[in-house]
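# Examining the three-dimensional arrangement
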Number of protein chains: 2
Amino acid sequence: MSRQKKILLPESEMPTHWYNLNADLPAAGVELPPVLHPATGQPVGPDDLAPLFPMALILQEVTTDRYVEIPEPIREVYRMWRPTPLFRAYAWEQALDTPAQIYYKYEGVSPSGSHKPNTAVAQAYYNKQEGVKRLATETGAGQWGSALSFAAQIYGLECKVYMVRVSYDQKPYRRILMETYGAQVVPSPSPDTQAGRQVLEQDPDSPGSLGIAISEAVEDAATREDTKYSLGSVLNHVLLHQTVIGQETIRQLEIAGADWPDVVIACTGGGSNFGGLAFPFVRENIVAGRKTRILAAEPTASPSLTRGVYTYDFGDTAQMTPLIKMHTLGHDFVPPPIHAGGLRYHGMSAQVSALKEAGLIEAVALPQRAVFEAAVGFARAEGIVPAPESAHAVRAAMDEALAARESGQGRTIVFNLSGHGHFDLAAYDAYLSGQLVDYEYPQEAIEQSLQRLPQVD
Amino acid sequence: MSRQKKILLPESEMPTHWYNLNADLPAAGVELPPVLHPATGQPVGPDDLAPLFPMALILQEVTTDRYVEIPEPIREVYRMWRPTPLFRAYAWEQALDTPAQIYYKYEGVSPSGSHKPNTAVAQAYYNKQEGVKRLATETGAGQWGSALSFAAQIYGLECKVYMVRVSYDQKPYRRILMETYGAQVVPSPSPDTQAGRQVLEQDPDSPGSLGIAISEAVEDAATREDTKYSLGSVLNHVLLHQTVIGQETIRQLEIAGADWPDVVIACTGGGSNFGGLAFPFVRENIVAGRKTRILAAEPTASPSLTRGVYTYDFGDTAQMTPLIKMHTLGHDFVPPPIHAGGLRYHGMSAQVSALKEAGLIEAVALPQRAVFEAAVGFARAEGIVPAPESAHAVRAAMDEALAARESGQGRTIVFNLSGHGHFDLAAYDAYLSGQLVDYEYPQEAIEQSLQRLPQVD
């Protein structure tokens, strides 16, 4: 009679290697264009990145090795919360009255409450190995800043987080969490950097932006011998570290006796939780001839995969980063203030973009009211309150389940619940009280941003 | 090389029965005095309680069966988060430089983030079975209200939560969480009950109290045919439901190959998480001749076990409940505003009180600054930010670990981390910014409260 709700893996079955999608892209006929130096237009080399990142991460950024071994000290920290559980959504399936079987991987069990520590711990470890004493980073909604603060503390590194001022003021709990982990958190723009001072001179009350915060963190790292910069998404090595998610999921589905999934779903901002779940399934499609649909869920307010163009652009608003070929809305595109702060990004991971361009993945854009409707229904059935970002995957999974009900055909749906929403309940309050607004970005505004793309070639 | 961090149990090893301490108290020579009707001074019978509780719970309140079977539908809901993990605190042991081995049971993985759903789900289930449509309860800091809101939703019951106004205003996230689970939450005193209206007439700006909120919830249940009352601690059946914690822990320690614990620790407010972890160990002491020290950690601000008297008193301030023989500071004792809202209670579970009176358990009172010092150190080592209540157990465990370092002798320490502090970060902010104040309740004030005890016998 009793049905298994949680599929757990013992620590002994935690992945020993990260999976590198770049090794399998050639077999799918997909080319990953080089990252270019913004001044010369030439491919960047390791030396260009050395002021910002430790060499081990730079090498991981460009490696074509299919598997990269996870050092035992990182695995030891991972064991604080990994392997994470895979849940069968029995109650939600019943609430949706669907013949679909729904599984969700839950990354919210990590100390900081999302998938972000998977790469934060790895980045802190390699920095520590190379003698770095201090990390600088930016954070918007705070998921990434919390994860890096936790990871830095584990390895005895100092950590300074430039937090977008509007979030700093609106989300004090995120700031306090980072401080509890021992990090120094300042509102950005701050008087601590030249970039911050310039903004403050023109507008002492600037609410800040992720673009400004990145500029401050990069300047901090570039101008201090003891400090490196750390980024929570977009880059190859970040997505690499997240692939423990998908590898565990494949093993857990096997243990559950589930059918191979018909569709695998994750939300996408910069692409790290999507890549983490999806890339091991993409490999199965490429190498083993599976036919799983791989679906990225993004907000209509920041629709880079569904409405952006695939071209070279800066990773940041301030035009300080190398040029990456990706789906972009233009580096000075300012997304509307949706509650899923982690998805408010103009660009996208180069790997995810290349997969989309090659037709190996699909993407859907979702408005936030429909997203929170799904999240509340999920919370009432399954108990877990999703992070606003993760709620996009919840909605996409719900739509797949409803389509299954419509067609009367079962299907196996797997999605990544990348984090909990304990620090984002104001968004639920807005939804429940009918205050939540949908944003559809006007095509004209996107096209204006795209006119300011850098000229390459 | 790799050490096991988490000791997990498969769902198939989740306890099938709750353990009832009352069956083993006679073997220890401990008598549990009857609960008395406040008007007659006579022992209360099932009929006296029927307006407030379903008969199944009333019978569990008085049963002397050693084991009570957990119905499969409750076990199915438990499987959403149970069995909960037992962690070995390797990193914290290292930070404390102690030869002690420290294990902690983590109940914060439940949907609402604490041990409370263990009984909330059971209570909602039995109410549903007996045709109840609606539950009424009170909540202070919000852990209990969140748990009952979640449980009521699972079984399709309406839920109304009277939330102490000062918490309602200061902890909007807790209120939103309950509403996300579908509950109706009103600040107490409310205009919805006679008890509330009376208070509001005298003081429209009343900050409320747990005593007033209990009065409102009890009146709501007593005056509506479709509604029963639900309580989150103190009563025998509540502690009974929590004993899954200790049973799982014993099995997990066995799997870990740990020594039988030298000391078992939990915090105590009304006694439910303490009883949940400790009672199965108390049984081993009584029946199997073990010598485990069982330690209750309470706040100096509300020191019922360490400074109260063992006598009959009301469970609530408004003198509406039956009289329970317990350690009490007096029913009109108003604890100072410490951040561990769940421990701000004048009384104590009758079972826990009887154990303390018989010398079968120990108790220690801790000031909140020392408590938060321990909690921050724990969070920085183990990643999890403890709830302020649970942090009392963290401090007590730390003191045991430091004593082991002092004496140079190892010992095995087990404590219950009953919940996470994600909704309590303001307390951490106060600690980190040096604003936190310790409270030592003046003996004179306690003695004044004790002079107003009811006269029984």
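Further up the page is the structure itself.
These remarks concern the structure in this document. (Residues numbered from 1 in each chain as written. Chains lettered and ligands numbered in written order. Predicted model: local features only at pLDDT ≥ 70, side-chain atom pairs only at ≥ 80, totals over all residues. Heavy atoms only, no water.)

## Comments concerning the overall build of chain A
The condition that has to hold: To qualify as a helix, a DSSP run of H or I must reach at least 4 residues; to qualify as a strand, a run of E must reach at least 2; elements of each kind are numbered from the N terminus. For this measure, only C-alpha atoms enter the radius of gyration; the expected value for a globule follows 2.2 Å times N^0.38, where N is the number of residues. The classification of residues rests on relative accessible area computed with a 1.4 Å probe and restricted to protein chains. Under 20% of the type maximum is buried, over 50% is exposed, and intermediate values are partly exposed. Whether two residues are in contact is decided by their heavy atoms, any of which lying within 4.5 Å being enough. In this description, accessible areas are obtained by the Shrake-Rupley approach with a 1.4 Å probe, and a residue is regarded as covered only by the protein chains that are shown. Positive charges are assigned to Lys and Arg, negative charges to Asp and Glu, while His and the chain termini are left out of the count. Charge positions come from single atoms, namely NZ of Lys, CZ of Arg, CG of Asp or CD of Glu.
Of the regular secondary structure elements, chain A holds 19 helices and 15 strands. The C-alpha radius of gyration of chain A comes to 21 Å, within 12% of the 23 Å expected for a compact globule of 457 residues. Principal-axis analysis of the C-alpha atoms places the extent of chain A at approximately 65 × 50 × 45 Å. A burial count over chain A gives 63% of its 457 residues as buried. Counted over contacts in chain A with a minimum sequence separation of 6, partners at least 24 positions apart contribute 76%. For chain A, the exposed area adds up to about 15,800 Å²; of that, 48% sits on carbon and sulfur atoms. Here chain A contributes 36 positively and 52 negatively charged side chains, and the mean placements of these two sets differ by 5 Å.

## Some thoughts on the interface of chain B and chain A
Formally: Here the buried area means the combined drop in accessible surface, using a 1.4 Å probe, for two parts upon being joined, counting both sides. Whenever a carboxyl oxygen of Asp or Glu lies within 4 Å of a side-chain nitrogen of Lys or Arg, that contact is scored as a salt bridge.
Taken together, the 45 residues of chain B in the interface contact 45 residues of chain A. Carbon and sulfur atoms make up 58% of the area that chain B and chain A hide from each other, which totals about 3,900 Å². Area buried by chain B at its contact with chain A is led by Y173, T180 and R380 of chain B, which between them contribute 17% of it. For the pair chain B and chain A, the number of links is six salt bridges.

## Focus: a nonpolar patch on the surface
Residues and elements named next belong to chain A. Cut-off, in case you're wondering: Residues form patches when they are more than 30% accessible in relative terms and have no salt bridge. Like charges link within 9 Å. Nonpolar side chains (Val, Leu, Ile, Met, Phe, Trp, Tyr) link within 5 Å.
Residues M55, L59 and V62 make up a contiguous nonpolar surface patch of roughly 260 Å² in combined accessible area. For M55, the location among the structural elements is in helix α2 (residues 55-62). You can call M55 partly exposed: its relative accessible area is 30%.

## A look at unusual backbone geometry
Cis geometry is found at the peptide bond from S188 of chain A to P189 of chain A, where omega equals 10°. One can find P189 of chain A in the loop between β8 (184-188) and α9 (194-202). R82 of chain B connects to P83 of chain B through a cis peptide bond whose omega is -10°. As for its position among the elements, P83 of chain B is in the loop between α3 (72-78) and β4 (86-88). Here D97 of chain A, not a glycine, exhibits a phi torsion of approximately 50°, which is positive. Looking at the element boundaries, D97 of chain A is found in the loop between α4 (90-96) and β5 (101-106). Positive phi, normally seen in glycine, also occurs at V234 of chain A, with a value near 70°. Structurally, the position occupied by V234 of chain A is in the loop between β9 (227-229) and α11 (236-242).

## Digging into the packing of aromatic side chains
Residue and element names in this part refer to chain B. Using the following cut-off: Only the six-membered ring of Trp is used, alongside the rings of Phe and Tyr, when aromatic pairs are assigned; centres must lie within 6.5 Å, and planes under 30 degrees apart are stacked while those over 60 apart are edge-to-face, with the rest tilted. Criterion for a charge above a ring: Lys NZ or Arg CZ within 6 Å of the ring centre, and within 35 degrees of the ring normal.
Evaluation of the coordinates by the stated rule reveals 35 aromatic pairs over all chains. Ring geometry for F378 versus F415: centroids 6.0 Å apart, planes at 70°, classification edge-to-face. Remark: F415 occurs in strand β15 (residues 412-417) and F378 occurs in helix α16 (residues 368-382); sequence separation between them is 37 residues. Of the residues examined, F415 reaches a relative accessible area of 0% and is grouped as buried. It is R3 that lies over the ring of Y90; its NZ or CZ is 3.8 Å from the centre. Here the basic side chain of R175 rests over the ring of Y168, its NZ or CZ set 5.8 Å away from the ring centre.

## Observations concerning the sheet that holds strand β14 (residues 362-366) of chain A
Residue and element names in this part refer to chain A. Put simply, the rule is: Being paired, for any two strands, means DSSP has found at least two bridges between them. Axis geometry follows a simple rule: fit a line to the C-alpha atoms, using only the stretch in contact for helices, then measure angles between N-to-C directions, giving values from 0 to 180 degrees.
Strands sit in the order β1-β4-β5-β15-β10-β11-β14 across an open sheet of seven strands; the sheet is mixed. Strands at the two margins of the open sheet, each flanked by one partner only, are β1 (6-7) and β14. Pairing of β5 with strand β15 (residues 412-417), which is carried by six bridges, proceeds in the parallel orientation. Across the sheet, K105 pairs through a bridge with N416, a residue of β15. Running at roughly 140° to β5, helix α12 (residues 244-256) makes contact with β1, β4 (86-88), β5 and β15 of the sheet.

## Considering the relation of the copies chain B and chain A
Rules: Superposition of the copies was done by least squares, using only C-alpha atoms of residues whose pLDDT is at least 70 in both.
When chain B is fitted onto chain A, the two copies agree to an RMSD of 0.0 Å after a turn of 180° and an axial shift of 0.0 Å. Taken together, the turn and the small shift mark the pair as related by a two-fold rotation axis. Within chain B, the C-alpha atom positioned nearest to the axis of rotation is that of H422 of chain B, 3.3 Å from it. Of the interface residues in chain B, 100% have counterparts in chain A that sit at the interface too, so the contact is made through matching surfaces.

## Side note on the packing of α16 of chain B against helix α18 (residues 425-432) of chain B
Any two packed helices are characterised by the angle at which their axes cross and by the distance between the axes. Residue and element names in this part refer to chain B. To keep things clear, this is the line we draw: Convention used here: angles under 35 degrees read as roughly parallel, angles over 145 as roughly antiparallel, angles from 65 to 115 as roughly perpendicular, and any remaining angle as oblique.
The N-to-C vectors of α16 and α18 enclose an angle of 105°; their axes lie 10 Å apart at closest approach. Judged by the inter-axis angle, α16 sits roughly perpendicular to α18. Contacts between α16 and α18 involve R369, F372, E373, A375, V376 and R380 from the first element and A427, Y428, Y431 and L432 from the second.

## Considering the pairing of β15 of chain B
All names here are of chain B. Across the six residues that make up β15, a large majority, six, are buried. With burial as the criterion, each face of β15 is covered, one bearing T412, V414 and N416 and the other bearing I413, F415 and L417. With three bridges connecting them, strand β10 (residues 263-267) and β15 associate as parallel partners. Bridge pairing links I265 to F415 in β15.

## Section: helix α5 (residues 117-129) of chain B
All names here are of chain B. Here is the rule: One fewer than the residue count of a helix, multiplied by 1.5 Å, yields its expected span.
Here α5 is 13 residues long and its end C-alpha atoms lie 18 Å apart, about the 18 Å a rise of 1.5 Å per residue gives. Burial analysis of α5 places 11 of its 13 residues in the buried class, which makes it a mostly covered element. Listing the buried residues of α5 in full gives P117, N118, T119, A120, V121, A122, Q123, A124, Y125, Y126 and N127.

## Focus on the sheet that holds strand β1 (residues 6-7) of chain B
Taken in spatial order, the seven strands make up an open sheet running β1-β4-β5-β15-β10-β11-β14 (chain B), and their pairing is mixed. The open sheet has two free edges, formed respectively by β1 and β14 (362-366) of chain B, since each of these has just one partner strand.

## Observations regarding the pattern of salt bridges
Under the defined criterion, the tally for this structure stands at 59 salt bridges over all chains. The closest approach of N and O atoms between R82 of chain A and E248 of chain A, which form a salt bridge, is 2.9 Å. A residue pair is termed long-range when its members are at least 10 positions apart, and R82 of chain A in the loop between α3 (72-78) and β4 and E248 of chain A in helix α12 qualify at 166 residues. Taken as a pair, R82 of chain A and E248 of chain A share a single burial class, namely buried. For E440 of chain B, the salt bridge is made with R307 of chain B, and the minimal N-O distance between the two is 3.9 Å. Taken together, the positions of E440 of chain B in the loop between α18 and α19 (443-451) and R307 of chain B in helix α14 (residues 304-307) put the pair 133 residues apart, joining distant regions of the chain. Owing to a relative accessible area of 57%, E440 of chain B belongs among the exposed residues under this scheme.

## Details of the pairing of strand β7 (residues 158-164) of chain A
All names here are of chain A. Applied cut-off: A crossover gets the label right-handed when its path from the first strand over the helix to the second runs clockwise, viewed with the strands pointing away from the viewer.
Counting buried residues in β7 gives six out of seven residues, a clear majority hidden from the surface. As paired strands, strand β6 (residues 134-139) and β7 are joined by six bridges and run parallel to one another. Across the sheet, residue A136 finds its bridge partner in β7, namely K160. Handedness of the β-α-β unit built from β6, helix α6 (residues 143-154) and β7 comes out right-handed. Pairing of β7 with β8, which is carried by five bridges, proceeds in the parallel orientation. Of the residues in β8, the one forming a bridge with V161 is V185.

## A word on the packing of α6 of chain A against helix α8 (residues 172-180) of chain A
Residues and elements named next belong to chain A. We apply this condition: The hand of a helix crossing depends on one turn: near helix anticlockwise from the far one by less than a right angle means left-handed, and clockwise means right-handed. The classification used treats Ala, Val, Leu, Ile, Met, Phe, Trp, Tyr, Cys and Pro as nonpolar, Asp, Glu, Lys and Arg as charged, and all other residues, Gly among them, as polar.
Running from N to C, α6 and α8 point in directions that differ by 10°, and their axes come no closer than 8 Å. Taken together, α6 and α8 sit at an angle that is classed as roughly parallel. Between α6 and α8 the crossing geometry is left-handed. Residue-level inspection shows Q143, G145, S146 and S149 of α6 in contact with α8, the latter providing R174, L177 and M178. Tallied by class, residues from the contact of α6 with α8 come to two nonpolar, four polar and one charged.

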